[in-house]
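# Fold and geometry: a report
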Amino acid sequence: MMPNEPKKRAMNLSKQLRLYLDQSGMSIQHLSKQSSVATSTIHNWLSGAFPKDVTKLKKVSDVLGVSLDWLLFGDGIQIKETSIKDYEDELNIGLYEVVLRKIKK
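### Re unusual backbone geometry
- One non-glycine residue, Ser36, adopts positive backbone phi at about 60°.
- Mapped onto the fold, Ser36 is located in the loop between α2 (28-35) and α3 (39-46).

Below, the structure is given as structure tokens:
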């Protein structure tokens, strides 16, 4: 490996998903229902299958409240922490749009 090459990370989706389900007591069926991802897809991931659709992974990570990095690789923070600061720019943009619309009328 070259000195400036990025470190290759092994995907641990099966391990991470099993860990979360075991720790939380959540069933595969409940996760499937909450995320709208088929139980067969979740079973395949738990069996070590490579995920084919990142949008399904994103739905699962959102339901679990974990980052994609944590779910796929075990890296980063397990629990996503969101606050009003994360949405501050979007809120401000919306506020400016409302003010501009009032000015135009």
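Resuming the write-up.
### Some points on the packing of α2 against α3
- Interhelical geometry of α2 versus α3 gives an angle of 125° and a closest axis separation of 9 Å. Taken together, the axes of α2 and α3 are oblique relative to one another. With respect to the hand of their crossing, α2 and α3 are arranged in right-handed fashion. For the pair formed by α2 and α3, the contact residues are Ile28, Gln29, Leu31 and Ser32 on the first element and Thr39, Ile42, His43 and Leu46 on the second.

### Some details on α3
- Turning to α3, its buried residues are Thr41, Ile42, Trp45 and Leu46. Each buried residue of α3 sits inside an arc of 140° when the element is viewed along its axis, so together they form one side.
- Taken together, the buried residues of α3 touch α1 (13-24), α2 and α4 (54-64).
- Looking one or two residues beyond α3, the residue adopting positive phi is Gly48, at roughly 100°.

### Describing the confidence of the model for the chain
- For the chain, mean pLDDT is 76; residues scoring 70 or higher make up 62% of the total.
- Looking across the chain, the model is least confident in helix α6 (residues 88-104), with a mean pLDDT of 52, and most confident in α3, with 95.

### Quick notes on the pattern of salt bridges
- Under the defined criterion, the tally for this structure stands at one salt bridge.
- Where Lys58 meets Asp62, a salt bridge forms, and the shortest distance between an N and an O atom there is 2.8 Å. Here Asp62 and Lys58 lie together in helix α4, a separation of four residues that amounts to about one turn.
- Residue classification places Lys58 among the partly exposed positions, given a relative accessible area of 34%.
- Looking at Asp62, the relative accessible area reads 41%, which means it is partly exposed.

Parameters and conventions
- Residues numbered from 1 in each chain as written.
- Predicted model: local features only at pLDDT ≥ 70, side-chain atom pairs only at ≥ 80, totals over all residues.
- Heavy atoms only, no water.
- Helix = DSSP H or I, 4+ residues; strand = E, 2+ residues; numbered from the N terminus.
- Axes fitted to C-alpha atoms, helices over the stretch in contact; angles between N-to-C directions.
- Parallel < 35°, antiparallel > 145°, perpendicular 65-115°, else oblique.
- Left-handed = near helix turned anticlockwise from the far one by under 90°.
- Contact = heavy atoms within 4.5 Å.
- Buried < 20%, exposed > 50% of the residue type's maximum accessible area, 1.4 Å probe, protein only.
- Arc of directions from axis to C-beta.
- pLDDT = per-residue confidence, 0-100.
- Salt bridge = Lys/Arg side-chain N within 4 Å of Asp/Glu carboxyl O.

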